[in-house]
Amino acid sequence: MKLVVVAGARPNFMKIAPLMWEIQRRDGVAAYLVHTGQHYDERMSRLFFEELAIPRPDVDLGVGSASHAVQTAEVMKRFEPVVLEQRPDAVLVVGDVNSTIACALVAVKLGVPVAHVEAGLRSFDRTMPEEINRILTDAISQWLFVTERSGVENLRREGIPADRIFLTGNVMIDTLLACRELSRRSTIREDLHLAGREFGVLTLHRPANVDEPGVLGGILAAIGRIQRELPIVFPVHPRTRKALESQNLAALPGLIVTEPLGYLDFMKLLAEARLVLTDSGGIQEETTVLGVPCLTLRNNTERPVTIDQGTNRLVGLDPQRIVAAATRVLLEPPGAGRVPDLWDGRAAARIIDVLTAGISTPGSTAD
Ligand code: UD1
């Protein structure tokens, strides 16, 4: 079985890592790894390949940053010759970034079936670029690998046949569990002068939160209050850095602003934080497994299991509500919640099992 595996942006890298490890362990399964170049900064890309022992990509399409239309189109133009040359049995895409839909669309039009890892998640908010990417990628995929039960229900509601849907668990959690020991050894707390001190973690990168000055200002006003009680580490995404240029963060002495962090350092901080504030999707899942309280600075989530079973709470964007929720967590730390079914470190093995069986059975990929 030959797969073309696609990775483009930072949240893809921790999802493809365990899939690549699993493929390397198996005889008779080969992967050709494509990096689209959607993320390209050292700290947004190469660092993750090194820390997670992901093989060097066979090709880097080098698309870089651009508008949605241009970035998606560039990935498509540069990916098509790769599929034509490689002629894989399937193209495997993960997550919901522009590279995900671009490569899925190229593959399916060339008659190559698509496997989508992290299928079925829905925020029901079509102003989010990721929601569009998720709906479209799922509609054209042959194998839909789902992390939580809500995803299965969403796909069934959209008319996806049951025999395409596989609840296989969460590959990002495979990586988290595999790297726990290594990340415990990170010296990031000492490096940030946080050894022996309690702290929180903040991440922000959603266009709806950072591109709108009023919204970003409101979130930072709330953070200004919280950092008086608890030092907060804020690794800043490149998109957010641009938006922050006009903000006087130096006036917040309890806010520790850093470059984007590597995976092991970041997992160390997440695991040991009193509180995490974020607008990321993946961090809602990671804090659930780590049992760390997470306040999500959004009005919706495509990952409801992190609320129903895990440690996540949606607090929206109102500064007063954010401060009140953080204060409550600090005064009365909530319980650790429950780890969702199949988030057990073996999702990649289940996925490769399904693909191996599907591709080796003649006719199994026909509609
Ligand atoms: C992308 C994904 C988003 C994901 C996020 C994680 C889409 C539509 N969005 O958003 O789902 O949660 O990645 O990080 O695919 N930039 C750099 N260096 C880089 C990469 C980006 O400086 O290595 C800057 C560029 O100015 C770029 C901006 O960040 O214009 C945004 O990058 P882009 O890939 O367009 O979207 P993200 O906001 O990173």
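Cut-offs applied
- Residues numbered from 1 in each chain as written.
- Predicted model: local features only at pLDDT ≥ 70, side-chain atom pairs only at ≥ 80, totals over all residues.
- Heavy atoms only, no water.
- Helix = DSSP H or I, 4+ residues; strand = E, 2+ residues; numbered from the N terminus.
- Domains from an automatic or database assignment.
- Contact = heavy atoms within 4.5 Å.
- Buried area = accessible area lost by both parts, 1.4 Å probe.
- Salt bridge = Lys/Arg side-chain N within 4 Å of Asp/Glu carboxyl O.
- Polar contact = N/O pair within 3.5 Å; in protein donor to acceptor, adjacent residues only side chain to side chain.
- Axes fitted to C-alpha atoms, helices over the stretch in contact; angles between N-to-C directions.
- Parallel < 35°, antiparallel > 145°, perpendicular 65-115°, else oblique.
- Left-handed = near helix turned anticlockwise from the far one by under 90°.
- Nonpolar A, V, L, I, M, F, W, Y, C, P; charged D, E, K, R; others polar.
- Near = heavy atom within 4 Å.
- Areas by Shrake-Rupley, 256 points an atom, 1.4 Å probe, with all protein chains shown as cover.
- Pairing = 2+ DSSP bridges.
- Phe/Tyr/Trp six-rings, centres within 6.5 Å; stacked < 30°, edge-to-face > 60°.
- Buried < 20%, exposed > 50% of the residue type's maximum accessible area, 1.4 Å probe, protein only.
- Expected span 1.5 Å × (residues − 1).
- Bend = angle between axes of the 7 residues up to and from the residue.
- Core = buried A, V, L, I, M, F, W, Y, C linked by side-chain atoms within 4.5 Å.

**Focus on unusual backbone geometry**
Alright, step 1. Positive phi, close to 50°, is recorded for Ala53, a residue that is not glycine.
Alright, step 2. Structurally, Ala53 can be placed in the loop between α2 (46-51) and β3 (59-60).
Alright, step 3. We note that Arg87 has phi near 45°; this positive angle belongs to a residue other than glycine.
Alright, step 4. Mapped onto the fold, Arg87 is located in the loop between α3 (68-86) and β4 (90-94).

**Observations regarding the domain arrangement of the chain**
Alright, step 1. Annotation of the chain at the domain level lists domain 1 (2-170 + 343-357) and domain 2 (180-331).
Alright, step 2. Computed from C-alpha atoms alone, the centre-to-centre distance between domain 1 and domain 2 is 27 Å.
Alright, step 3. Of the residues lining the interface, 24 residues belong to domain 1; the matching set on domain 2 comes to 20 residues.
Alright, step 4. Here domain 1 packs against domain 2, burying approximately 1800 Å² in sum over the two surfaces, 58% of which is carbon and sulfur.
Alright, step 5. Together, Arg43, Glu51 and Trp343 form the three largest contributors to the area buried by domain 1 at its contact with domain 2, with a combined 29%.
Alright, step 6. At the boundary of domain 1 and domain 2, one finds three salt bridges.
Alright, step 7. Across the contact surface, domain 1 and domain 2 share eight residue pairs in polar contact (both at pLDDT 80 or more).
Alright, step 8. Elements supplying a minimum of two residues to the side of domain 1 that touches domain 2: α1 (10-25), α2 and α5 (129-139).

**Description of the packing of helix α11 (residues 213-226) against helix α16 (residues 319-331)**
Axis angle and axis distance: for two packed helices, these are the angle between their axes and the distance between the axes, and together they describe the pair.
Alright, step 1. Two numbers describe how α11 lies on α16: the axes approach to 8 Å, and their chain directions differ by 30°. Looking at the two axes, α11 sits roughly parallel to α16. Handedness of the α11/α16 crossing: right-handed. Contacts from Gly218, Ala222, Arg225 and Ile226 of α11 reach α16 at Pro319, Ile322, Val323 and Ala326.
Alright, step 2. Residue composition of the contact of α11 with α16, grouped by class: six nonpolar, one polar and one charged.

**Some points on the site of the ligand**
Alright, step 1. The full set close to the ligand counts 18 residues, and His39, Glu130, His205, Arg239 and Lys242 are the nearest of them.
Alright, step 2. Here an oxygen atom of the ligand sits 2.9 Å away from a polar atom, N or O, in the main chain of Asp41.
Alright, step 3. Within the contact set of the ligand, an oxygen atom lies 2.9 Å away from a side-chain nitrogen or oxygen of His237.
Alright, step 4. Protein coverage of the free-state accessible area of the ligand, which is 740 Å², stands at 88%.
Alright, step 5. If you list the elements that add at least two residues to the shell around the ligand, you get α3, α5 and α12 (238-244).
Alright, step 6. For the shell around the ligand, the class distribution of residues is six nonpolar, eight polar and four charged.

**Here's the deal with the sheet that holds strand β8 (residues 200-203)**
Consider a sheet: its strands pair through backbone hydrogen bonds, and that pairing is either parallel or antiparallel.
Alright, step 1. On the basis of which strands lie adjacent, the open sheet formed by six strands has the order β10-β9-β8-β11-β12-β13 and parallel pairing. With partners counted over all chains shown, the strands left at the sheet margins are β10 (255-258) and β13 (312-314), one partner each. On average, adjacent strands in this sheet sit at an angle of 20° to one another, irrespective of strand direction.
Alright, step 2. Sheet topology places strand β12 (residues 294-296) next to β13; three bridges connect them, and they run parallel. Paired with Leu295 across the strands is Arg313, a residue of β13.
Alright, step 3. Seen against the sheet, helix α13 (residues 263-272) touches β8, β9 (232-235) and β11 (275-278) and runs at an angle of roughly 125° to β8.

**Structural notes on the packing of aromatic side chains**
Aromatic ring pairs: the centre-centre distance and the angle between the two ring planes describe each pair.
Alright, step 1. What the rule picks out here adds up to three aromatic pairs.
Alright, step 2. Between the aromatic rings of Phe145 and Phe166, the centroid separation amounts to 5.6 Å while the plane-to-plane angle is 35°, which identifies the pairing as tilted. Of this pair, Phe145 sits in strand β6 (residues 143-146) while Phe166 is found in strand β7 (residues 165-167), placing the two residues 21 residues apart along the sequence.
Alright, step 3. By relative accessible area, which is 22% here, Phe166 ends up partly exposed.
Alright, step 4. Among the aromatic residues, those joined into a cluster by ring pairs are Phe13, Phe48 and Phe49.

**Regarding α1**
Alright, step 1. Here α1 spans 24 Å end to end across 16 residues, near enough to the 22 Å set by a 1.5 Å rise per residue.
Alright, step 2. The axis of α1 is deflected most strongly, by about 30°, at Ile16, and proline Pro18 appears within four residues downstream.
Alright, step 3. With 12 of 16 residues buried, α1 is to be regarded as a mostly interior element.
Alright, step 4. Among all positions in α1, only Asn12, Phe13, Met14, Lys15, Ile16, Ala17, Pro18, Leu19, Met20, Trp21, Glu22 and Ile23 are buried.

**Things to note about the nonpolar core**
Alright, step 1. Leu19, Ile54, Leu92 and Tyr263 are the most contacted members of the largest nonpolar core, which has 59 residues in total.
Alright, step 2. Take this core: its biggest share by element is eight residues, from α1.
Alright, step 3. For this core, the domains that each give at least three residues are domain 1 (2-170 + 343-357) and domain 2 (180-331).
Alright, step 4. Non-local contacts of Leu92, meaning those with residues more than four positions away in its chain, are made with Leu3, Val4, Val5, Val6, Leu19, Ala115, Val117 and Leu355.

**As for the sheet that holds strand β2 (residues 30-35)**
Alright, step 1. Spatially, seven strands are ordered β3-β2-β1-β4-β5-β6-β7 in an open sheet, and the strand pairing comes out parallel. Since the sheet does not close on itself, it has two edges, and those belong to β3 and β7, each with one partner.
Alright, step 2. Alignment of strand β1 (residues 2-7) against β4, held across three bridges, turns out to be parallel. Paired with Val5 across the two strands is Leu92, which belongs to β4.

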